[in-house]
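Residue-level listing of the chains:
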Amino acid sequence: MKAPYFFGYGSLVNRATHAYPQAQTATLSGWRRAWVRARERDDLVFLTAVPDPTARISGLIAAVPNADWAALDARETGYRRREATDAVTHEAPDAESIAVYAIDPTDMLNEGQHHILQSYLDVVVQGFLNEFGEDGVAEFFATTSGWDTPILDDRAKPLYPRAQVLSTAEMALVDHHVARIKADL
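For clarity, every value in this text was computed on a predicted model and none was experimentally measured.

Asker: Would you mind going over unusual backbone geometry with me for this structure?
Answerer: Glycine aside, residues mostly have negative phi, and peptide bonds are mostly found in the trans state. For Asn66, which is not glycine, the phi dihedral falls at a positive 55°. Tracing the backbone shows Asn66 in the loop between strand S3 (41–63) and helix H1 (70–75).

Below, the structure is given as structure tokens:
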């Protein structure tokens with residue numbers, strides 16, 4: 001039976017943050033990842049997918065049971081669900097259509113104080129590590145822009161609502177890539 005799917009490229013890559021069935025790795029072409037400020041919460045930045053004909057990003061696709069988008073739309077408040085079926089390479093024979101959530105450019109802000117939550121970044125990196133290994137983590141950092149944004153260390157008291165516990169090795173991996181990418185700016 002065919003079903004609608006979503007493509008996740010950030011926290012949705014971490015299966016511990018959702019219970020969507022039939023999740024599997026996939027690639028989205030013609031888009032890149034970026035940290036951006038949004039009207040939804042202008043003191044934080046969010047990962048979004050931005051159209052870019054030269055880019056491709058890894059992530060997960062998963063079925064949306066009974067085409068009931070309400071829970072996922074609520075989770076992805078501030079993002080707009082966009083059609084991406086033809087841009088996704090995957091192995092799901094029952095994927096009828098695939099959507100990607102992206103912040104509308106009219107909702108992106110360019111000025112002001114803002115930061116990346118460490119607990120949000122940790123969740124994303126943990127997901128990429130679990131799905132794609134250390135090479136996938138390196139690819140995540142390399143295919144994401146906006147690393148000039150300050151990171152708020154909230155690991156001790158996570159502000160991100162779907163924060164996960166990271167092992168010492170996972171935290172060290174995140175910290176290694178943050179130090180490396182900041183040095184490359």
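Asker: Can you help me understand helix H2 (residues 118–142) in this one?
Answerer: Owing to its 3.6 residues per turn, the α-helix aligns residues three or four sequence positions apart on the same side. Over its 25 residues, H2 runs only 18 Å from end to end, short of the ideal 36 Å by more than 12%, given 1.5 Å per residue. Along H2, the largest kink reaches about 135° and is centred on Phe132.

Asker: I would appreciate a short explanation of the pairing of strand S6 (residues 95–102) in the present structure.
Answerer: In the case of a regular strand, side chains alternate between the two sheet surfaces. Counting buried positions along S6 yields six of eight residues, so the element is predominantly enclosed. By the bridge criterion, five bridges tie strand S1 (residues 3–8) to S6 in an arrangement that is parallel. Bridge pairing in S6 places Pro4 opposite Ser97. The pairing of strand S4 (residues 80–83) with S6 spans four bridges and is classified as antiparallel.

Asker: Please explain the nonpolar core as it appears in this structure.
Answerer: Counting residues in each nonpolar core, the largest one holds 60 residues, and the members touching the most others are Phe7, Leu28, Trp35, Tyr120, Leu121, Phe140 and Phe141. Those elements that provide at least two residues to this core are S1, strand S2 (24–38), S3, S6, strand S8 (116–117), H2 and helix H3 (168–183). The element best represented in this core is S3, accounting for eleven residues. Here Trp35 is in contact with Val45, Phe46, Leu47, Ile116, Tyr120, Leu121, Phe140, Thr144, Ser145, Gly146 and Trp147, once residues within four sequence places are set aside.

Asker: Which parts of the structure should I look at to understand the packing of aromatic side chains?
Answerer: Within a pair of aromatic rings, the relevant descriptors are the distance that separates the centres and the angle that separates the planes. This model, assessed by the stated rule, comprises eleven aromatic pairs. Considering the side-chain rings of Trp35 and Trp147, the 5.7 Å spacing of their centres and the 70° angle between planes classify their relative orientation as edge-to-face. Of this pair, Trp35 sits in strand S2 while Trp147 sits in the loop between strand S9 (144–145) and strand S10 (151–152); the two residues are 112 residues apart in sequence, bridging distant segments of the chain. What links up through ring pairs into an aromatic cluster is the set Trp35, Tyr120, Phe128, Phe132, Phe140, Phe141, Trp147 and Tyr160.

Asker: What exactly am I supposed to notice about the environment of Phe140 here?
Answerer: Position of Phe140 among the secondary structure elements: in helix H2. Residues Phe140 and Val125, 15 residues apart in the sequence, show an inter-C-alpha distance of 7.8 Å.

Asker: I'm lost on the side chain of Asp122 in this one. Help?
Answerer: Positionally, Asp122 belongs in helix H2. Once residues lying within four places of it in the same chain are set aside, the contact partners of Asp122 are Arg155, Leu166 and Val174.

Cut-offs applied
- Residues numbered from 1 in each chain as written.
- Predicted model: local features only at pLDDT ≥ 70, side-chain atom pairs only at ≥ 80, totals over all residues.
- Heavy atoms only, no water.
- Helix = DSSP H or I, 4+ residues; strand = E, 2+ residues; numbered from the N terminus.
- Expected span 1.5 Å × (residues − 1).
- Bend = angle between axes of the 7 residues up to and from the residue.
- Buried < 20%, exposed > 50% of the residue type's maximum accessible area, 1.4 Å probe, protein only.
- Pairing = 2+ DSSP bridges.
- Core = buried A, V, L, I, M, F, W, Y, C linked by side-chain atoms within 4.5 Å.
- Contact = heavy atoms within 4.5 Å.
- Phe/Tyr/Trp six-rings, centres within 6.5 Å; stacked < 30°, edge-to-face > 60°.

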